[in-house]
Amino acid sequence: MTNNEKVSFSAATALWLIAFPLMDMARVIVDRALRGHSPLKADRTHLHHIVLQCGDTKQAALLKISTLSAFFAVTGIAMHVSGFQEVTIFLTFLAAFALYTVRVRHLQKKLA
């Protein structure tokens, strides 16, 4: 690579790099607001609490969440490197976010 070449990626790809914390935070804020609670008041609705309630150890929860986060990052980078259009990368991110939300809500209902 020469000094004139830049390594960069789109904003949609950047979303994939921070996908898990972004998705989890957005889901929790919306859920709290829908229940009429302050989005800033702490509760146990983040994914790591849900995974622990399912019976996993802290180490297992960390491994699962880290793996999910790495999967999201690799997915975004792979789409970027493969030449996907930014709109496709973004729409795929939104679909993954919807799927993530549905899956977490399913886990919450299962625990209730």
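As a starting point, this report considers the structure included with it. Given the structure is predicted, the values throughout are model-derived calculations rather than measurements. (Residues numbered from 1 in each chain as written. Predicted model: local features only at pLDDT ≥ 70, side-chain atom pairs only at ≥ 80, totals over all residues. Heavy atoms only, no water.)

## Some words on the overall build of the protein chain
Here comes step 1: Within the protein chain, the regular secondary structure consists of five helices and zero strands.
Here comes step 2: N-terminal to C-terminal, the α/β element order of the protein chain is α-α-α-α-α.
Here comes step 3: Its C-alpha atoms give the protein chain a radius of gyration of 17 Å, clearly above 13 Å, the size a compact globule of 112 residues would have.
Here comes step 4: Dimensions of the protein chain, computed from the C-alpha atoms along their principal axes, are close to 55 × 30 × 20 Å.
Here comes step 5: Across the 112 residues of the protein chain, 28% fall into the buried class.
Here comes step 6: Within the protein chain, contacts between residues separated by at least 24 positions form 62% of all contacts whose residues are at least 6 apart in sequence.
Here comes step 7: Accessible surface computed for the protein chain: about 7600 Å², of which carbon and sulfur atoms make up 67%. (Helix = DSSP H or I, 4+ residues; strand = E, 2+ residues; numbered from the N terminus. Rg over C-alpha atoms; globule rule 2.2 N^0.38 Å. Buried < 20%, exposed > 50% of the residue type's maximum accessible area, 1.4 Å probe, protein only. Contact = heavy atoms within 4.5 Å. Areas by Shrake-Rupley, 256 points an atom, 1.4 Å probe, with all protein chains shown as cover.)

Spatial relationships are all this shows, so hold off on functional conclusions.
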